[in-house]
Amino acid sequence: MKQVLRCILILSAVWGFSAKSELRIEVTKGVDNAVRVAVVPFEWHGRGKLHQEIAEIVNSDLRLSGRFHALPVEQMLSLPNRVDEIFFRDWRLLNIDYLVIGSLESTGQGIKLQFELINVFKQSVEASLTIVGGEHEIRDMSHYVSDVVFEKLTGIEGAFSTQIMYITATGPDNERLFRLNIADADGHRVNTIMESKEPLLSATWSPDGEKVAYVSFEKDSRPAIYIQELGTGRKQQITDFSGLNSAPAFSPDGEQLALVLSKDGNPEIYILDLQTRRLRRITHHYGIDTEPSWTADGKAIIFTSNRGGKPQIYQMRLEDFRIERLTFEGDYNAKASLLPDGSGLVMVHRRNGIFHISYLDLKYGRLTVLTETSLDESPSVAPNGSMLIYATQLRDKGILGAVSIDGGVKFNLPSSEGDVREPAWSPKKRRVFKPILEDPVPQRAEGSSKTGIN
Amino acid sequence: MGKTNIRGLFVVGLTAILLAGCASNEPDNGPGMDPGTQAPSGAAEPVEKPKPTPEPVKPMVDRGKIVVPLDELGASETLTGIFHFDFDQAIVKRAGHAELNKHAQVLSTNSRLRVRLEGHADERGTREYNLALGERRANAIRAYLVAQGVSRSQVEVISYGEEKPVNSGHSESSWAQNRRVEVVYR
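As a starting point, this report considers the structure included with it. (Residues numbered from 1 in each chain as written. Chains lettered and ligands numbered in written order. Predicted model: local features only at pLDDT ≥ 70, side-chain atom pairs only at ≥ 80, totals over all residues. Heavy atoms only, no water.)

Looking at the overall build of chain B
- What chain B contains, in helices and strands, is five helices and seven strands.
- Burial analysis of chain B (186 residues in total) assigns 44% to the buried set.
- Here chain B displays about 9,900 Å² of accessible surface, and carbon together with sulfur accounts for 57% of that area. (Helix = DSSP H or I, 4+ residues; strand = E, 2+ residues; numbered from the N terminus. Buried < 20%, exposed > 50% of the residue type's maximum accessible area, 1.4 Å probe, protein only. Areas by Shrake-Rupley, 256 points an atom, 1.4 Å probe, with all protein chains shown as cover.)

Set out below in structure tokens:
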């Protein structure tokens, strides 16, 4: 066992690979009643570099969410930075529902960002927050502003501060180069954490967002599961069995790894305790059992099996190994994962011979096809449970697409080079800011009504 | 037709073994023979049956493919190393049986040969399921070979799922080419 599970520690310097081509977001479907927002360039108090990009990033975040219409700066009639500088008539004239204004200040150690979200119609301040971040954290601070605005206006937690991990394959068929990348949710700040000439797949996050597990064929062109720490780049080989070493999935507490091995002759699901290295087999069937994922409480495993003749989704309770079939519609349902609240699952579903991403409502058993693209695979749900990202094909190239669980918003994230595939939405935000409590009483705008939205 | 092929191959295989045996003895006689003197004797009587062949005639591995000698005159055949499958299926097609029989023959009569069966799937469906499917296909080919007398220890199975397509197109014909097992000799 020790020998089989022998760990190879490689201090890889891969974390430092130069930034690769970024993903570009193209909204293909937005909501019909998009909220009209104006993000006014923030005022800068201090010396040194002017951080003009904040408003641009917030603007772009909101626009790309498909739920907002963001007013371009050149169409603004005035550029207020404080509440008392706002001429509401200007904004009503432009049909703006909400206004984001703010200012930046150098504190010596970092940057203090203060911003307000204003309801133009009610002339009220919906949010007024101050955060402090480092000089290099301008993007993180911008995404924080976007998250706050998004949550205030939609009631859904923003996902602009999260990240997306994905795999790219570039080069000709016989000389492909595989890369594992992590980028901001808006496609910027791409970091390659691993690259190989052999296939690389099934990358998945640990629940704390500090590690990733993946399958790589780098050693003798054979599959093995690796876990890599993002902070240090340290990589550890976890499995080295004959046959498949596939589909790793961290348990919600991060202590166990569900995986697929065929060492006993057939693809079966196992659970590996990452501390004790104890391995236990949980499925026993001559069919294919694969693609395990966990329920939020860690008490059950959802998996794909063709034990009924065709691939369908099953759930196994770990307490007594009781198995229940979850999907009955269609002859190909695979790679399911649950929404954070467990109310439904997303999966790959074949309809009329075409592979789409579908949502299955587990309470009512209703299946909804979410995508119109074909060859769709690898759905991954955002931590806020409202969007999912997946891999598809566009003009003979592998690209990422995203769709809201209600189907109302759709966008693509094409890359300038190669095939992009297997997106995995990070479980955590890249950087969390704690707002500073300054003036507990938010300033009230001229005129004013007390009620907030939501 | 399959039967005669098998028998024919059996003869070829036997010949190969016999010839291989001869070849291994050759170094003993080799130094004593002078090619210079032998040539004229051959020229004097063209119809004479050939002397022991100078080249060892046994299956040869060439870039993963196996080249099987057909006769002692040097004719040979490179065996097809690719077997195709239907969508979401791991059943060895009848069309491939004859060729697989040849592989089985070569492997069972040359126990030092090793093959790697590389299973593949088309791009449709999920990657992990396709890895499992690729393995099933390679296992099916292995089971066929083992049933024909090949030792399991000669055969290694690996699946690449949909990660290594031979045709990167997205049409039915590209997919058909990609659903395959490649027999790679090492």
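Section: the sheet that holds strand S31 (residues 410-413) of chain A
All names here are of chain A.
- Across the sheet, which stays open at both edges, the five strands sit in the order S2-S31-S30-S29-S28 with antiparallel pairing between neighbours. In the strand order of this sheet, the two ends are held by strand S2 (26-29) and strand S28 (377-381), each with one partner. This sheet shows a mean twist of 30 degrees between the axes of neighbouring strands, independent of strand direction.
- The pairing of S2 with S31 spans three bridges and is antiparallel. Across the sheet, residue Glu26 finds its bridge partner in S31, namely Asn412. (Pairing = 2+ DSSP bridges. Axes fitted to C-alpha atoms, helices over the stretch in contact; angles between N-to-C directions.)

Side note on the nonpolar core
- Counting 39 residues, the largest nonpolar core has Ile227, Leu257, Leu259, Leu279, Val346 and Leu388 of chain A as the members making the most contacts within it.
- Per-element accounting of this core gives the leading share, four residues, to helix H4 (residues 127-147) of chain B.
- Counting residues in hydrophobic clusters, the runner-up holds 28 residues, among them Val39, Trp44, Tyr98 and Tyr144 of chain A. (Core = buried A, V, L, I, M, F, W, Y, C linked by side-chain atoms within 4.5 Å.)

Here's the deal with the pairing of strand S24 (residues 333-338) of chain A
Residue and element names in this part refer to chain A.
- Counted residue by residue, S24 has five buried out of six residues, so it is predominantly covered.
- Sheet analysis places S24 next to strand S25 (residues 344-351), joined by four bridges and oriented antiparallel. Considered in S25, the bridge of Ala334 is made with Val348.
- The antiparallel pairing of S24 with S25 creates a hairpin that spans five residues between the two strands, and Gly342 there sits at a positive phi of about 75 degrees.

A closer look at the pattern of salt bridges
- Across all of its chains, the model carries 45 salt bridges over all chains by this definition.
- For Glu26 of chain A, the salt bridge is made with Arg24 of chain A, and the minimal N-O distance between the two is 3.0 Å.
- On the accessibility criterion, Glu26 of chain A (29% relative accessible area) is partly exposed.
- Note that Asp186 of chain A is salt-bridged to Arg139 of chain A, the shortest N-O span being 3.2 Å. Taken together, the positions of Asp186 of chain A in the loop between strand S10 (177-184) and strand S11 (191-196) and Arg139 of chain A in helix H3 (residues 138-154) put the pair 47 residues apart, joining distant regions of the chain.
- Via salt bridges that share partners, Glu377, Arg421 and Glu422 of chain A together with Arg127, Glu162 and Glu163 of chain B belong to a single interconnected network. (Salt bridge = Lys/Arg side-chain N within 4 Å of Asp/Glu carboxyl O.)

Details of unusual backbone geometry
All names here are of chain A.
- With phi around 60 degrees, Asn95 is a residue other than glycine that occupies positive phi space.
- Although it is not a glycine, Arg395 adopts a positive phi angle of roughly 45 degrees.
- Positionally, Arg395 belongs in the loop between strand S29 (387-394) and strand S30 (397-404).

Concerning the environment of Leu201 of chain A
All names here are of chain A.
- Mapped onto the elements of the fold, Leu201 is located in strand S12 (residues 200-205).
- The exposure class of Leu201 is buried, given its relative accessible area of 0%.
- Sequence separation of Leu201 and Tyr214 is 13 residues, and the distance between their C-alpha atoms is 6.1 Å.

Things to note about the sheet that holds S11 of chain A
Residue and element names in this part refer to chain A.
- Spatially, S11-S10-S9-S32 is the arrangement adopted by the four strands of the open sheet, whose pairing is antiparallel. What marks the edges here is a single partner per strand, and that holds for S11 and strand S32 (419-429). Direction aside, neighbouring strands of the sheet carry axes that sit 20 degrees apart on average.
- Summarising the sheet, S10 and S11 pair through five bridges and their orientation is antiparallel. Within S11, the residue paired with Asn181 across the bridge is Thr192.

Notes on the pairing of strand S26 (residues 354-361) of chain A
All names here are of chain A.
- With seven of its eight residues buried, S26 lies for the most part within the structure.
- Across eight bridges, S25 lies against S26 in antiparallel orientation. Its bridge partner lying in S26, Arg351 is registered against Ile354.
- Adjacent in sequence and paired antiparallel, S25 and S26 are bridged by two residues, among which Asn352 carries a positive phi angle near 50 degrees.
- Sheet analysis places S26 next to strand S27 (residues 366-369), joined by four bridges and oriented antiparallel. When the sheet's bridge partners are listed, Ser358 is paired in S27 with Val369.
- Linking S26 back to S27 in an antiparallel pair, the connection comprises four residues, with Gly365 at a positive phi of about 65 degrees.

Quick notes on H4 of chain B
Residues and elements named next belong to chain B.
- End to end, H4 covers 30 Å across 21 residues, agreeing with the expected 30 Å (1.5 Å per residue, within 8%).
- The element H4 is largely enclosed, with a buried count of 17 among its 21 residues.
- Immediately downstream of H4, the backbone of Gly149 shows phi near 105 degrees, a positive value. (Expected span 1.5 Å × (residues − 1).)

Here we look at the interface of chain A and chain B
- Counting residues at the interface gives 40 residues for chain A, matched by 30 residues for chain B.
- Interface area, chain A with chain B, both sides summed: about 2,800 Å², of which 53% is carbon and sulfur.
- Joining chain A to chain B, the criterion identifies six salt bridges.
- The residue Lys164 of chain B makes a salt bridge to Glu198 of chain A at a minimum N-O spacing of 3.2 Å.
- Summed over the shared surface of chain A and chain B, the result is 18 residue pairs in polar contact (both at pLDDT 80 or more).
- Sorting the residues of the side of chain A that touches chain B by element identifies S12, strand S14 (222-229), strand S16 (245-250), strand S20 (289-294), S24, S25 and S32 of chain A as the ones contributing at least two each.
- Looking at side-chain class alone, the side of chain A that touches chain B contains 16 nonpolar, 12 polar and 12 charged residues. (Contact = heavy atoms within 4.5 Å. Buried area = accessible area lost by both parts, 1.4 Å probe. Polar contact = N/O pair within 3.5 Å; in protein donor to acceptor, adjacent residues only side chain to side chain. Nonpolar A, V, L, I, M, F, W, Y, C, P; charged D, E, K, R; others polar.)

In short, shape yes, function no, at least from these values alone.
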